[in-house]
Amino acid sequence: MIRTLFPNLSIVKREHTFLLYEIEDDSYLYIKDYGSIVFFNCSEEFKNVTISSIASKEIQPESLPSESYSLSIGSETDVDFNTIKVKELNVDTIHVVCLNLGQSVALMNYVDKTSDLHDKTLVYSKQLEHTGNFKLTKKQMRKFIGKTMNLKNNIAEDLFVFEAPEVAWNVKELSLLDYKLRDELDVVKRHQGIENSLNVIKENLDLFRDILNHKYSSMLEWIIIILILLEVVQIFF
């Protein structure tokens, strides 16, 4: 589907998980399968048009998570303070840079979603603390658990944060660039932070579910007791 949006652009590299387009000399567009878009030396007009053509109409480009890095050619490979230095600029170098930046932006999106789930969990936790109860039905609980598990599954499926890109396996400079980018962007640490937050959310939901199950079990026991009493009263009369 994405390829049909840009029929006039030249694809310089592609796999089943990404497309790398050449816009013009030293200008590229990188699109990852989980939704990240990386613009390499592209004009603002091209960025806005591209995002508008891919994203839904309800999404405003300025509301999307983003970050910006400048890239230059130097005597050594280095990444520091939103600046990337490489010894040589080629398609493989651009691929490694775009992959890490795309992954970083995807993590930002997952951090926002995890924070939203965590905030909702805190609401019910505070209700439980202050009133000894919380306003959450079994259906809402199941939907909450499903949303949490889907988020965990999406992260596991989309972000292979412990694997270097295949192109960097056999090239020392690309491997070094990948390592420095991951270190600067805190990809692994942020991923672990999301996982820890989701585990805490799941623990809270498991506790809420146990409380709800106990509540409904108690209600069922009382219903059975009342029915038995009615039966006894009927027999007595």
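Summarised in this report is the structure supplied together with it. (Residues numbered from 1 in each chain as written. Predicted model: local features only at pLDDT ≥ 70, side-chain atom pairs only at ≥ 80, totals over all residues. Heavy atoms only, no water.)

## Here's the deal with the sheet that holds strand S3 (residues 27–32)
Strand order in the open sheet formed by four strands is S1-S2-S3-S4, and the pairing between neighbours is antiparallel. Looking at the sheet topology across the chains shown, the edges are occupied by strand S1 (10–15) and strand S4 (37–40). Taken over all neighbouring pairs, the strand axes of this sheet differ in orientation by 15° on average, direction set aside. Where S1 and strand S2 (residues 18–24) come together, five bridges link them in antiparallel fashion. Across the sheet, the residue bridging to Glu15 is Phe18, located in S2. Against the sheet, helix H2 (residues 44–54) contacts S2, S3 and S4, and its axis sits at roughly 160° relative to S4. Helix-sheet contacts for helix H3 (residues 91–131) involve S1, S2, S3 and S4, and the interaxial angle to S3 is about 45°. (Pairing = 2+ DSSP bridges. Helix = DSSP H or I, 4+ residues; strand = E, 2+ residues; numbered from the N terminus. Axes fitted to C-alpha atoms, helices over the stretch in contact; angles between N-to-C directions. Contact = heavy atoms within 4.5 Å.)

## Considerations on the pattern of salt bridges
Opposite charge on two side chains allows them to pair when their charged atoms are near. Per the counting criterion, the structure on display carries nine salt bridges. The shortest N-O distance in the salt bridge between Glu44 and Lys47 comes to 3.3 Å. Here the residue Glu44 and the residue Lys47 both occupy positions in helix H2, the gap between them amounting to three residues, near one helical turn. A relative accessible area of 22% means that Lys47 is categorised as partly exposed. Here Asp116 ties to Lys120 by a salt bridge, and the two come within 3.6 Å at their closest N and O atoms. Here the residue Asp116 and the residue Lys120 both occupy positions in helix H3, the gap between them amounting to four residues, near one helical turn. According to the relative accessible area criterion, Asp116 is partly exposed, its value standing at 36%. We classify Lys120 as partly exposed; its relative accessible area is 37%. Linked by salt bridges that have partners in common, Lys202, Asp206 and Arg209 make up one network. (Salt bridge = Lys/Arg side-chain N within 4 Å of Asp/Glu carboxyl O. Buried < 20%, exposed > 50% of the residue type's maximum accessible area, 1.4 Å probe, protein only.)

## Considering the layout of surface pockets
Roughly 1400 Å³ of internal volume is contained in the largest pocket. Along the walls of the largest pocket sit 49 residues, with Ile37, Val38, Phe39, Pro65 and Val105 positioned nearest its centre. Among the secondary structure elements, those contributing two or more residues to the lining of the largest pocket are S2, S3, S4, H2, strand S5 (70–73), H3 and helix H4 (138–158). The leading source of residues in the lining of the largest pocket is H3, at 10 residues. Its residues placed into classes, the lining of the largest pocket shows 26 nonpolar, 13 polar and 10 charged. (1 Å grid on protein atoms, 1.4 Å probe; cavity = no way out; pocket = protein on both sides within 12 Å on 5 of 7 lines; lining within 4 Å. Points joined across faces, edges and corners; volume = space filled by probe spheres on them. Nonpolar A, V, L, I, M, F, W, Y, C, P; charged D, E, K, R; others polar.)

Purely geometric numbers; function is a separate question.
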